Amino acid sequence: MTVYFIGAGPGDPELITIKGQRLIHSCPVILYAGSLVPEAVLQGNTAEQVINTAELHLAEIMTLIEAAHAKGQDVARVHSGDPSLYGAIGEQIRRLRALDIPFEVIPGVTATSACAALLGTELTLPDISQTIILTRYAGKTAMPEGEQLPDLARHGATLAIHLGINRLHKIVEDLIPHYGADCPVAVVHRATWPDQDWVMGTLEDILAKVRAKGFHRTALILVGRVLAPDDFSESFLYREDKAHVYRPAYKRRKKASEEPPA
């Protein structure tokens with residue numbers, strides 16, 4: 001048997017890979033994180049067991065996996081977004097390795113990607129930002145040395161901040177010295193879910209706008225000039241006068257198009 005850690009995406013049941021959906025439909029045991037994974041993602045399954053693990057602790061989850069292993073049953077372990085990002089799969093994998101239970105990770109659409117799509121923006125624009133930092137705000141889990149928000153903010157990169165909506169006032173305080181009060185900010189609540197909502201603003205006014213919306217959980221904070229660019233260069237890839245391995249030099253193509261047919 002194999003334990004499949006499946007990224008279910010940000011919420012929309014259509015934003016799951018074909019492979020992930022196939023495994024959900026075929027695995028006899030499904031363990032899903034019901035606090036963030038909608039049941040619609042599980043539609044079409046033929047599993048003998050479908051268990052919401054939101055109320056279970058790690059040892060209880062591992063007991064279920066060990067029972068499936070003893071029966072030779074594949075397990076679909078369904079997490080939200082991409083399981084490699086804040087998916088808490090690390091401790092599960094450590095225990096699976098100790099028990100010599102095979103596993104495989106199936107990637108999923110991240111909340112950051114879903115928010116960028118919703119906002120209709122590219123997070124890496126020439127001359128503005130070519131780096132994205134995915135991070136979280138320090139809470140019950142402390143941040144390692146050098147990863148405090150002010151340390152990351154010194155790079156000036158596009159930021160995607162998880163688990164920080166209830167500390168937005170502190171985030172604003174940490175970022176203004178590095179990004180400026182006029183830096184664009186977007187806060188997206190439950191991206192791709194039926195009740196999705198969002199607000200755009202700046203570091204100066206975003207706190208009041210978020211309070212007016214009433215967001216208090218399941219929200220992603222995006223910060224950076226890419227959210228409202230005044231001007232940026234066009235990419236090298238599609239410039240008419242630039243050649244690369246997949247497109248011959250502009251002059252050669254122009255000459256060929258001007259030559260009369262044989």
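This one's a predicted model, so the numbers in the text were calculated from it and none came from an experiment.

Colleague: Requested: an account of the sheet that holds strand 7 (residues 158-162), with residues and values cited.
Modeller: Pairing within the open sheet is mixed, and its 5 strands lie in the order 6-7-10-8-9. Each edge of the sheet is formed by a strand with only one pairing partner; in this case those strands are strand 6 (132-136) and strand 9 (197-202). Between one strand axis and the next, the sheet turns by 15 degrees as a mean value, whatever way the strands run. In this sheet, strand 10 (residues 219-223) lies alongside strand 8 (residues 184-189) in antiparallel orientation, the contact comprising 5 bridges. Each residue of the ladder has a partner; that of valine 185, found in strand 10, is valine 223. Sheet contacts for helix 4 (residues 111-119): strand 6, strand 7, strand 8, strand 9 and strand 10; angle to strand 10, the most-contacted strand, approximately 70 degrees. Contacting strand 8 and strand 9, helix 7 (residues 206-213) crosses the sheet at an angle of about 160 degrees to strand 9.

Colleague: Give me the packing of helix 6 (residues 168-179) against helix 7: which residues, what numbers.
Modeller: Where helix 6 contacts helix 7, the two axes come as close as 10 Å, and the packing angle between them is 165 degrees. The pairing of helix 6 with helix 7 is recorded here as roughly antiparallel in orientation. The two elements helix 6 and helix 7 meet at a crossing, and its hand is right-handed. Contact with helix 6, carried on its side by Leu168, His169 and Val172, involves Ile206, Leu207 and Val210 of helix 7 and no other residues of that element. Split by residue class, the contact of helix 6 with helix 7 holds 5 nonpolar, 1 polar and no charged.

Colleague: How would you explain helix 2 (residues 58-71) if you had to name every residue and give the values?
Modeller: With 14 residues, helix 2 extends 20 Å between its outermost C-alpha atoms, agreeing within 8% with the 20 Å of an ideal straight helix rising 1.5 Å per residue. All buried positions along helix 2 are accounted for by Ile61, Met62, Ile65 and Ala68. For helix 2, the arc enclosing every buried residue in end-on projection is 120 degrees, short of the 170-degree limit, so these residues lie on one face. Of the exposed residues in helix 2, the ones pointing more than 90 degrees away from its buried face are Thr63, Ala70 and Lys71. Looking at the buried side of helix 2, the elements it contacts are strand 1 (3-7), strand 2 (29-32), strand 4 (75-79) and helix 3 (90-99). Directly beyond the C-terminal end of helix 2, a positive phi value near 70 degrees is found at glycine 72.

Cut-offs applied
- Residues numbered from 1 in each chain as written.
- Predicted model: local features only at pLDDT ≥ 70, side-chain atom pairs only at ≥ 80, totals over all residues.
- Heavy atoms only, no water.
- Pairing = 2+ DSSP bridges.
- Helix = DSSP H or I, 4+ residues; strand = E, 2+ residues; numbered from the N terminus.
- Axes fitted to C-alpha atoms, helices over the stretch in contact; angles between N-to-C directions.
- Contact = heavy atoms within 4.5 Å.
- Parallel < 35°, antiparallel > 145°, perpendicular 65-115°, else oblique.
- Left-handed = near helix turned anticlockwise from the far one by under 90°.
- Nonpolar A, V, L, I, M, F, W, Y, C, P; charged D, E, K, R; others polar.
- Expected span 1.5 Å × (residues − 1).
- Buried < 20%, exposed > 50% of the residue type's maximum accessible area, 1.4 Å probe, protein only.
- Arc of directions from axis to C-beta.

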